Amino acid sequence: MKKVISYDTETTGFALHGESKMFSFSTCDPGGNTKICRLDKCKVSKIKNTKYLKKIFETSRFIPVMHNAKFDLTATEKYLQKHIAEDIVFHDTSIQSHLLMNDHPSHRLKELAYELAGIKRDDETLVKAFVKDGSDYSKVPVDRMDAYQKLDAERTILLHLFFYPKIKEDKKVNEIYKEELELVKTTMRMEERGIMLHRNRCKKLIDDLTTKRENALEKIEHLSGRRINPDKTSHIEWLLFEKFEMPILKRTKKTSSPSTDKEALNLLRETNPHPILEEITKFKSFSRGRTILKSYLGLVDENDVIHPDINTNGASTGRESCKNPNLQNVEKTGVLLNRYPVPARQAFRPRPGYVNFHIDYSGIEMRLLVHYCQEPLLVKILNKGGDVHRPGAEILFGDEFKNASKKKQKTLRGAAKNANFAIAYGASALKVGKTLGLDANVALRRFDLYYRTFPKLSFLGRALASEAKQQGYIKTIFGRCLRVPENKNYVATNYLIQGTAAEILKRAQNRVHKYLQQATSGEVGILLPIHDEIIIEYPRKRLKDVDHVLKEIKALMVAFEMFLVPLDVEIEIATYDWEHKKRYTL
DNA sequence: AAACACGGCGCG
DNA sequence: AAAGCGCGCCGTGTTT
């Protein structure tokens, strides 16, 4: 019989793929018996405690329970210098918490234990007093650290004893939980692989942006006749609304002060064209791009590889997130409304000897919307492989669309596509009409026709909002319960679609990872998930069998039988960097 | 010095 | 009556 024990590691920092190392761990059994095991202080205890560590992870006699297992397992693997995650059964109380209370303000160990059992949180401040840069706990006096570790081990087992029965209660939730634990392992291998920075390109981009940023600043100061810091909204405010006496067309949400954001500048550009508007926009874009690119240089390992921290439960919708750095929002070029983009994706490249494939679900949000609302016309279009956004464009733009050139039609279709989502996610007809550039009366007439043509799609938002209002949550097709913020019931649709897409991608990652592990011995591997996309790396040596492997991956990614509409993926190949991708047809 | 709020901006 | 959503990161400005 396996023995459940909580397991918590202490490290010299968070950069486990860099300098940081584990120096201690603690355990606690369900009876409340704790052990504190230092691996740094004296040689005898180090040998003894390492033996105990190996007993936990190498004998199959224990089921370690962790709060954020990805971190503890990564630290432990580094210490033992071998992979262990695939060979053990484990639990994660952080994931349990996310699954049971997606809307909870905090899933931190200390917060949860305080709320559940009133365990005081002041041990953190007692220890933090000895921590200089905020993450190296090895310098804290041992007796104080002992007390701290004891408490964390107790908290973790407590949380498990409280949460896990609730997870097991619901068969579907338990299935999701198992998928989440599998994803922890999948994600560990991605972070370990990491992503290669094109370091010289990155530096070149930074140099280039430094000059362009300086130029923009010079022009701004010349035009305004005084020193300006465009990073201060107060300066921009003075410049636009006092010095140049432009009208205030937009205000900020929380404090209702005059907005100086890109949309406000674009609005002013229409009514009060002025070179200062361009230069401010340039400065902001180049400045941001520059600092972000600079931050990448500080995050590379000795091989120019970046190991990001991927949070498998980063969002209240079940989505993942990524930090240090966030590789899910790297700027790309060719985006409408961004006139001065920074080609930041040039800074990422396949490792030497590899190519990258970017595989993304095509139109997954729309497909899921159609599945959930069951709009007959749209279900039919998707099953025939047709264009679901065309009818919307025809309705919203009327003759303007019918008489437009092919190129113009494409633009209008893109606008209609955004409108489809905006409407489904709760935007008002008036607001959507405005962004489409329609006269208010025309907009109302067109939307009337839109509602009559797609009654079920149009009604989905209201139906889900009322469901959320009534029971406080909505459920995805996989059985994940998503509580929806009170007094914002209209976000229910977004939660449902975003949450379902997240679950699809999570399952896809596990399937693909397992397949690649078995079929290519891990030579091919996933690097990163980006909400509806995975990026994989592929050795050039193996390119002979690439079409076969990609076909298998595609089959795994679209194999979800529960939907009324088919799923599909598109593939792009990057051979040099992430900016220059080419469509790849199987 | 650290923590927090805000405006702003990139992605899906 | 009116409402797109979810993240992480940056710089500024205020509070502790």
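On a predicted model such as this, the values are computed, not experimentally measured, just so you know. (Residues numbered from 1 in each chain as written. Chains lettered and ligands numbered in written order. Predicted model: local features only at pLDDT ≥ 70, side-chain atom pairs only at ≥ 80, totals over all residues. Heavy atoms only, no water.)

> I tried to follow the overall build of chain A on my own but got confused; where do I start?
Helix and strand content of chain A: 20 helices and 17 strands. Over its C-alpha trace chain A gives a radius of gyration of 27 Å, about what one expects of a compact globule, namely 25 Å for 586 residues. Across its three principal directions, the C-alpha atoms of chain A cover 80 × 60 × 55 Å. The buried share of chain A, reckoned over its 586 residues, is 51%. When contacts within chain A are restricted to residue pairs at least 6 apart in sequence, long-range pairs at least 24 apart make up 65% of them. In the structure as shown, chain A presents an accessible area of about 29,000 Å², 51% of it carried by carbon and sulfur atoms. Charge-centre separation for chain A: the mean point of 99 positive side chains lies 1 Å from the mean point of 76 negative side chains. (Helix = DSSP H or I, 4+ residues; strand = E, 2+ residues; numbered from the N terminus. Rg over C-alpha atoms; globule rule 2.2 N^0.38 Å. Buried < 20%, exposed > 50% of the residue type's maximum accessible area, 1.4 Å probe, protein only. Contact = heavy atoms within 4.5 Å. Areas by Shrake-Rupley, 256 points an atom, 1.4 Å probe, with all protein chains shown as cover. Lys, Arg positive; Asp, Glu negative; His and termini not counted. Charge placed at Lys NZ, Arg CZ, Asp CG, Glu CD.)

> Looking at this model, I keep getting lost on the sheet that holds strand S7 (residues 305-306). Mind explaining?
Backbone hydrogen bonds are what pair the strands of a sheet, in a parallel or an antiparallel way. The strand order S7-S6-S10 describes an open sheet built from 3 strands, whose pairing is antiparallel. Every interior strand has two partners, whereas the edge strands, S7 and strand S10 (348-349), have only one. Both strand S6 (residues 195-197) and S10 contribute to a ladder of 2 bridges, which runs antiparallel. Paired with Leu-197 across the bridge in S10 is Phe-348. (Pairing = 2+ DSSP bridges.)

> Would you mind going over the protein's contact with DNA strand C with me for this structure?
With respect to spatial proximity, 29 residues lie near DNA strand C, and among them Asn-229, Lys-232, Asn-324, Lys-431 and Tyr-490 are the closest. In DNA strand C, atoms within 4 Å of the protein come from the sugar-phosphate backbone in 75% of cases. Asn-494 is positioned with one of its side-chain polar atoms (N or O) 3.1 Å from a base nitrogen of DNA strand C. Mapped onto the surface near DNA strand C, the elements with two or more residues apiece are helix H11 (275-297), strand S9 (321-323) and helix H19 (492-520). Of the residues belonging to the surface near DNA strand C, the class tally is 7 nonpolar, 15 polar and 7 charged. (Near = heavy atom within 4 Å. Polar contact = N/O pair within 3.5 Å; in protein donor to acceptor, adjacent residues only side chain to side chain. Nonpolar A, V, L, I, M, F, W, Y, C, P; charged D, E, K, R; others polar.)

> What am I meant to see in the packing of H19 against helix H20 (residues 546-558) here?
Packing of H19 against H20 brings their axes to within 9 Å, and their N-to-C directions diverge by 150°. It follows from the interaxial angle that H19 and H20 lie roughly antiparallel. In terms of crossing hand, the pair formed by H19 and H20 is right-handed. Contacts between H19 and H20 involve Ala-508, Arg-511, Val-512, Tyr-515 and Leu-516 on the former and, on the latter, His-548, Val-549, Glu-552, Ile-553, Leu-556 and Met-557. (Axes fitted to C-alpha atoms, helices over the stretch in contact; angles between N-to-C directions. Parallel < 35°, antiparallel > 145°, perpendicular 65-115°, else oblique. Left-handed = near helix turned anticlockwise from the far one by under 90°.)

> For this particular structure, what's the right way to read the domain arrangement of chain A?
How big an interface is tends to be reported as the loss of accessible area on association of its parts. The assigned domain composition of chain A is domain 1 (3-169), domain 2 (199-299), domain 3 (322-336 + 345-363 + 498-583) and domain 4 (365-489). Placing a centre on the C-alpha atoms of domain 1 and another on those of domain 2 gives a separation of 45 Å. (Domains from an automatic or database assignment.)

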